[in-house]
Amino acid sequence: MKHIARKRFGQHFLTDSAIIDAIVTAIAPTPGDAMVEIGPGLAALTQPLVERLGRLTVIELDRDLAVRLREHGQLDVIESDVLKVDFSALALRLGAQGRLRVVGNLPYNISTPILFHLLDHVAVVQDQHFMLQKEVIDRMVARPATADYGRLSVMLQWRYAMDNVLFVPPESFDPPPRVDSAIVRMVPLSAPPALDVARYGAMVQVAFSQRRKILRNTLGRWLDEQGFDGDFDLQRRAEEVPVSEYVALAQATPAKA
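What counts and what doesn't
- Residues numbered from 1 in each chain as written.
- Predicted model: local features only at pLDDT ≥ 70, side-chain atom pairs only at ≥ 80, totals over all residues.
- Heavy atoms only, no water.
- Buried < 20%, exposed > 50% of the residue type's maximum accessible area, 1.4 Å probe, protein only.
- Helix = DSSP H or I, 4+ residues; strand = E, 2+ residues; numbered from the N terminus.
- Pairing = 2+ DSSP bridges.
- Phe/Tyr/Trp six-rings, centres within 6.5 Å; stacked < 30°, edge-to-face > 60°.
- Lys NZ or Arg CZ within 6 Å of the ring centre and 35° of its normal.
- Arc of directions from axis to C-beta.
- Contact = heavy atoms within 4.5 Å.
- Polar contact = N/O pair within 3.5 Å; in protein donor to acceptor, adjacent residues only side chain to side chain.
- Axes fitted to C-alpha atoms, helices over the stretch in contact; angles between N-to-C directions.
- Right-handed = clockwise from strand over helix to strand, strands pointing away.

Undergrad: Help me get a handle on the pairing of strand E2 (residues 35-38), residues and values and all.
TA: Taking every second residue as pointing to the same face, both faces of E2 are buried, with Met35 and Glu37 on one and Val36 and Ile38 on the other. The sheet contact formed by E2 and strand E5 (residues 100-105) spans four bridges and is parallel. In the sheet register, Val36 faces E5, and the bridge partner there is Val102. With three bridges connecting them, E2 and strand E3 (residues 56-60) associate as parallel partners. The residue bridging Ile38 from the neighbouring strand is Ile59, located in E3.

Undergrad: How would you sum up the packing of aromatic side chains? Please name residues and give values.
TA: One pass over the structure, following the stated rule, counts three aromatic pairs. Geometrically, the ring pair formed by Tyr149 and Phe208 is edge-to-face, given 6.3 Å between the ring centres and 70° between the ring planes. In this pair, Tyr149 is assigned in the loop between helix H6 (134-140) and helix H7 (151-157) and Phe208 in the loop between helix H8 (197-207) and helix H9 (219-226), connecting sequence segments 59 residues apart. A residue is classified by how much of its surface remains accessible, and Tyr149, at 0% relative accessible area, is buried. By relative accessible area, Phe208 is classed as buried at 10%. Measuring from ring centre to ring centre gives 6.0 Å for Phe208 and Tyr246, while their planes differ by 40°; the resulting arrangement is tilted. Residue Phe208 is found in the loop between H8 and H9, and its partner Tyr246 is found in helix H10 (residues 243-252); the two are separated by 38 residues along the sequence. Exposure class is identical for Phe208 and Tyr246. Each is buried. The residue whose ring lies beneath Arg236 is Phe232, and the NZ or CZ to ring-centre distance is 5.1 Å.

Undergrad: Please provide a residue-by-residue account of helix H3 (residues 63-70), values included.
TA: Regarding H3, the residues found buried are Leu65, Ala66 and Leu69. One side of H3 holds all its buried residues, which, seen down the axis, span an arc of 105°. Contacts made by the buried residues of H3 are with strand E1 (13-14), E3 and strand E4 (75-79). The opening residue of H3 is Asp62, an N-cap whose side-chain oxygen sits 3.0 Å from the backbone nitrogen of Asp64.

Undergrad: Describe the sheet that holds strand E7 (residues 160-168), naming the residues involved and giving the relevant values.
TA: Strand order in this open sheet of seven strands is E4-E3-E2-E5-E6-E9-E7, and the pairing throughout is mixed. With partners counted over all chains shown, the strands left at the sheet margins are E4 and E7, one partner each. The mean angle between the axes of side-by-side strands here comes to 20°, regardless of whether they run parallel or antiparallel. On top of the sheet, helix H1 (residues 17-27) reaches E2, E5, strand E6 (125-133), E7 and strand E9 (181-188); it is set at about 160° to E7, its chief contact. Of the strands in this sheet, E2, E3, E4 and E5 touch helix H2 (residues 46-53), which is tilted by about 155° from E3.

Undergrad: An account of the pairing of E5 is requested, with residue identities and associated values reported.
TA: The buried fraction of E5 amounts to five of the six residues, a majority that puts the element mostly inside the structure. With six bridges joining them, E5 and E6 adopt parallel strand pairing. Within the sheet, the bridge partner assigned to Leu100 lies in E6 and is Val125. Traced from E5 through helix H5 (residues 111-119) to E6, the parallel crossover comes out right-handed.

The quantities given are spatial measurements derived from coordinates; they are silent on function.
The structure is reproduced here in structure tokens:
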């Protein structure tokens, strides 16, 4: 029986074989890789992956799809909301500390929360390949002083090297989404800067809370509250500040007692 895509799960099933082949080539799975696929759906990407891997762990929220997936002898199925999955514990169970490879066609309605959830487990990850709304990837990889550069850029670029590796048009899916899609490669930096991630996140959120205002009116107040007495040019807008400067500012901001 044909599975009908469920709008509440943001389901759009990949059907274009040429695109699927290109994605698998970009991921470059090898036998024995500890790989986890988020949202396998109808297994369009799952099957070519597991053929190369030998074994694959999949995370699927849709109960009906999870039942189908369990019939496949080479899949370990985790029926769960991905935001509730402890990837650090999963990596430990798979014997893949620092080597977990994560892939998936992420539901567009919760793609950003998933990216931030995985950021909490980045220490166990080797790389990530995700299909996302193209405009989200444009923001992830954006450079300073561009329209796409924002909170998502700054929150991810301090920890990952990222590339937009493949464009995926709407007609590659059933049903076709109303947006263009793309594949992003995310590789954790081998020597990331040391910082308080919670404080960094709070700082970045304040900086971009009013994009059109200069930072004196937003971040300046926050820095005063934190007791910061160093030098930082607040006569700029948030999108004009490079990631490296945000990182340095977070490192120089004293922790509140």
